[in-house]
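# Close look at the chain arrangement
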Protein chains: 2
Amino acid sequence: MSNMHNPAIILVSPQMGENIGGAARAMSNFGLEDLKLINPRDGWPNNKPSESAAANSAGALDIMPPVEVFKNTADALKQYHTIYATTARPRDMRKPVMTARHAAQDIADKQSQGLKTAIMFGGERAGLTNDDVALAHIIITIPTNPDFSSLNLAQAVLLVANEIFQATHKAPETQTPLGGSAPVSHEELNELITRFETELDNHNFFRNPDMRPTMMRNIRNALTRANLTDQETRTFQGIISALIGNKVK
Amino acid sequence: MSNMHNPAIILVSPQMGENIGGAARAMSNFGLEDLKLINPRDGWPNNKPSESAAANSAGALDIMPPVEVFKNTADALKQYHTIYATTARPRDMRKPVMTARHAAQDIADKQSQGLKTAIMFGGERAGLTNDDVALAHIIITIPTNPDFSSLNLAQAVLLVANEIFQATHKAPETQTPLGGSAPVSHEELNELITRFETELDNHNFFRNPDMRPTMMRNIRNALTRANLTDQETRTFQGIISALIGNKVK
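These figures come from a predicted structure and were not determined experimentally.

Listed as interface residues are 52 residues of chain A and, on the opposing side, 52 residues of chain B. A buried area of about 4400 Å², summed over both sides, lies between chain A and chain B, and 53% of it is on carbon and sulfur atoms. There are two salt bridges connecting chain A and chain B. For Arg101(B), the salt bridge identified is with Glu163(A), shortest N-O distance 2.7 Å. Elements with a contribution of two residues or more to the side of chain A that touches chain B: helix H1 (17-29), helix H3 (60-63), strand S5 (97-99), helix H5 (100-112), helix H7 (153-168) and strand S8 (174-175) of chain A.

Here is the structure:
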């Protein structure tokens, strides 16, 4: 997947290799490739991931472009036009604060106009410094349960990357696969319902004739709502035959 | 937070305590409380989490109601009205397949009507069996990068729980906090712009008089777009004073 329309993920002072690896895995899950580290606590020697980072990346670090490492945040941001800062706690700054979902749409809009965007995430202990947040145009927050709000670094990257993927890749909200069959035609469904009615008649099901139209309407509604395939319709025909004692055709 | 309107999370044959703990943490992050395990590989003795589960839950298992353990899936599902099955790979079943986002809205709609819902997640190795999926009314898939689609169990729970939280807790998409100041009034902003114009005149900034209206319009647009606070406006007044050599008031 091209990173033409995808933002950079910038981890500022990350501490644990596991989280760098987890962030890389989350990025790959959602088609992001541009990962930059600012002052990782344990270094990032020879551009090779630490063992825990590699294990937690589930192979993502092997297929991504090399991770870039910088000494300070401003250097890493040079090429980007719009910068986003993720923060858990409110900052006393006059700056737009967006939900991750709304920011993802904003990022998709900007990238589609050829603007480059980058999203900063702070380290595990204290998040981004106020100086880092001041570099950003927009603050991103992830709404959580106020009684239990702590997300770890890799989880925060996962949730933001997922929102960006959804903002840039529209999937059908609901699909119903046919499983190798075709939807039943109205004619075949009608034959099934008529068969039910005939055999129920034969077996004295409609004891109160006044209820017959209602009963048949209920049966029709249930079988219509089931959105049967042609195969399932034949199966029900076979079930009726079996129950009335005929050999299955 | 009440679990009145929240679905149950059902982990079927989970293997790693870390993932059970991670799922519990993700549930607490997004206000879910009803966690059930079917045949956890390493057991769930005395209703006490294993050490790795407790560590990865970041305290969530201590504040949640006790996790319930069942021998088979159908027993765990007894009280629920609508069952969802998360699957990564397509199943050859005629059953609606929803994105996590759309399913979250469906779950929120059903819970608000008093219907109880449950979401099944399969174990780490092979996901849900076809027999388990057949128990569900609706299949949930999480759209991912097709070239790197593997999500671990705790990550899948995190993403689904986040969608449910967003479907049930509407947050303002964008807010701009004032940081203890008030937005500048039009009058004060005008005074600043007029001051700019006067001092730029005094310093012979408008060399080409024809360009003056355009220059002033640009300055006005930039300062209007900045949505200044009253404090920031006073700061700019001080900057002008400093630059022209007056003492800051």
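All right, on to the relation of the copies chain A and chain B then. When chain A is fitted to chain B, the residual RMSD is 0.1 Å, and the transformation amounts to a turn of 180 degrees plus an axial shift of 0.1 Å. As the rotation angle and translation indicate, the two copies are arranged about a two-fold axis. In terms of proximity to the rotation axis, the leading residue of chain A is Leu159(A), whose C-alpha is 3.3 Å off the axis. Here 100% of the interface residues in chain A have copies in chain B that are interface residues too; the copies meet face to matching face.

Okay, the side chain of Gln166(A) next. Along the polypeptide, Gln166(A) turns up in helix H7. Note on Gln166(A): relative accessible area 12%, which makes it buried. At a separation of 2.7 Å, a polar atom in the side chain of Gln166(A) contacts the side chain of Glu163(B). Sequence-distant contacts of Gln166(A), defined by excluding residues within four places in its chain, comprise Arg101(B) and Glu163(B).

Segmentation of chain A into domains returns domain 1 (3-168) and domain 2 (186-243). Measuring from the centre of the C-alpha atoms in domain 1 of chain A to the corresponding centre in domain 2 of chain A gives 58 Å.

Our next topic: the pairing of strand S7 (residues 138-141) of chain B. For a regular strand, side chains alternate in direction, first toward one face of the sheet and then toward the other. All names here are of chain B. For strand S4 (residues 82-86) and S7, the ladder comprises three bridges, and the chain directions are parallel. Along S7, the bridge assignment pairs Thr 86 with Ile 140. Pairing analysis gives three bridges linking strand S5 (residues 97-99) to S7, with the strands arranged parallel. Its bridge partner lying in S7, Met 98 is registered against Ile 140.

In spatial order, the strands read S3(A)-S2(A)-S1(A)-S6(A)-S4(A)-S7(A)-S5(A)-S8(B); together these eight strands make up an open sheet with mixed pairing. The sheet is open, and its two edges are formed by strand S3 (68-70) of chain A together with strand S8 (174-175) of chain B, each paired on a single side. Relative to strand S2 (residues 35-38) of chain A, strand S1 (residues 8-12) of chain A is paired through four bridges, and the arrangement is parallel. Bridge pairing in S2(A) places Ile9(A) opposite Leu35(A). Packed on one face of the sheet, H5(A) meets strand S4 (82-86), S5, strand S6 (117-121) and strand S7 (138-141) of chain A together with S8 of chain B and runs near 100 degrees to S5(A).

This brings us to the sheet that holds strand S2 (residues 35-38) of chain B. Pairing within the open sheet is mixed, and its eight strands lie in the order S8(A)-S5(B)-S7(B)-S4(B)-S6(B)-S1(B)-S2(B)-S3(B). Lying at the two open borders of the sheet, with one neighbouring strand each, are S8 of chain A together with strand S3 (68-70) of chain B. Relative to the sheet, helix H5 (residues 100-112) of chain B contacts S8 of chain A together with S4, S5, strand S6 (117-121) and S7 of chain B, its axis offset from that of S5(B) by approximately 100 degrees.

Attention shifts here to the packing of H5(A) against H7(A). Residue and element names in this part refer to chain A. Two numbers describe how H5 lies on H7: the axes approach to 8 Å, and their chain directions differ by 50 degrees. With respect to H7, the element H5 is oriented oblique. Both H5 and H7 take part in a crossing whose hand is right-handed. Facing Ala 100, Arg 101, Ala 104, Gln 105, Ile 107 and Ala 108 of H5, the residues of H7 in contact are Val 160, Glu 163, Ile 164, Ala 167 and Thr 168. Here the residues of the contact of H5 with H7 are counted per class, giving seven nonpolar, two polar and two charged.

A few words on the nonpolar core. Membership of the largest hydrophobic core comes to 80 residues, with the highest contact counts inside it found for Leu11(A) and Leu11(B). When near neighbours in sequence (up to four residues on either side) are disregarded, Leu11(A) contacts Ile20(A), Ala23(A), Leu35(A), Lys36(A), Leu37(A), Ile38(A), Phe121(A), Leu153(A) and Val157(A). Grouped together as the second largest cluster of nonpolar side chains are 18 residues, Ala76(A), Ala118(A), Met120(A) and Ile139(A) included.

Our focus in this paragraph is H5(A). All names here are of chain A. For H5, with 13 residues, the first-to-last C-alpha span of 18 Å sits near the 18 Å given by 1.5 Å per residue. Within the span of H5, buried status applies to Ala 100, Ala 103, Ala 104, Asp 106, Ile 107, Ala 108, Lys 110 and Gln 111. Buried residues belonging to H5 abut S4, S5, S6, S7 and H7.

So, about helix H10 (residues 230-243) of chain A. Residue and element names in this part refer to chain A. The first and last C-alpha atoms of H10 sit 20 Å apart over 14 residues, in line with the 20 Å expected at 1.5 Å per residue. Three or more residues of H10 are buried, namely Asp 230, Thr 233, Gln 237, Gly 238, Ile 240 and Ser 241. Relative to the axis of H10, the buried residues are bounded by an arc of 155 degrees and lie together on one face. The elements touched by buried residues of H10 are helix H8 (186-202). At the exit of H10 stands Gly 245, carrying a positive phi of roughly 95 degrees.

About the cut-offs
- Residues numbered from 1 in each chain as written.
- Chains lettered and ligands numbered in written order.
- Predicted model: local features only at pLDDT ≥ 70, side-chain atom pairs only at ≥ 80, totals over all residues.
- Heavy atoms only, no water.
- Contact = heavy atoms within 4.5 Å.
- Buried area = accessible area lost by both parts, 1.4 Å probe.
- Salt bridge = Lys/Arg side-chain N within 4 Å of Asp/Glu carboxyl O.
- Helix = DSSP H or I, 4+ residues; strand = E, 2+ residues; numbered from the N terminus.
- Least-squares fit on C-alpha atoms with pLDDT ≥ 70 in both.
- Buried < 20%, exposed > 50% of the residue type's maximum accessible area, 1.4 Å probe, protein only.
- Polar contact = N/O pair within 3.5 Å; in protein donor to acceptor, adjacent residues only side chain to side chain.
- Domains from an automatic or database assignment.
- Pairing = 2+ DSSP bridges.
- Axes fitted to C-alpha atoms, helices over the stretch in contact; angles between N-to-C directions.
- Parallel < 35°, antiparallel > 145°, perpendicular 65-115°, else oblique.
- Left-handed = near helix turned anticlockwise from the far one by under 90°.
- Nonpolar A, V, L, I, M, F, W, Y, C, P; charged D, E, K, R; others polar.
- Core = buried A, V, L, I, M, F, W, Y, C linked by side-chain atoms within 4.5 Å.
- Expected span 1.5 Å × (residues − 1).
- Arc of directions from axis to C-beta.

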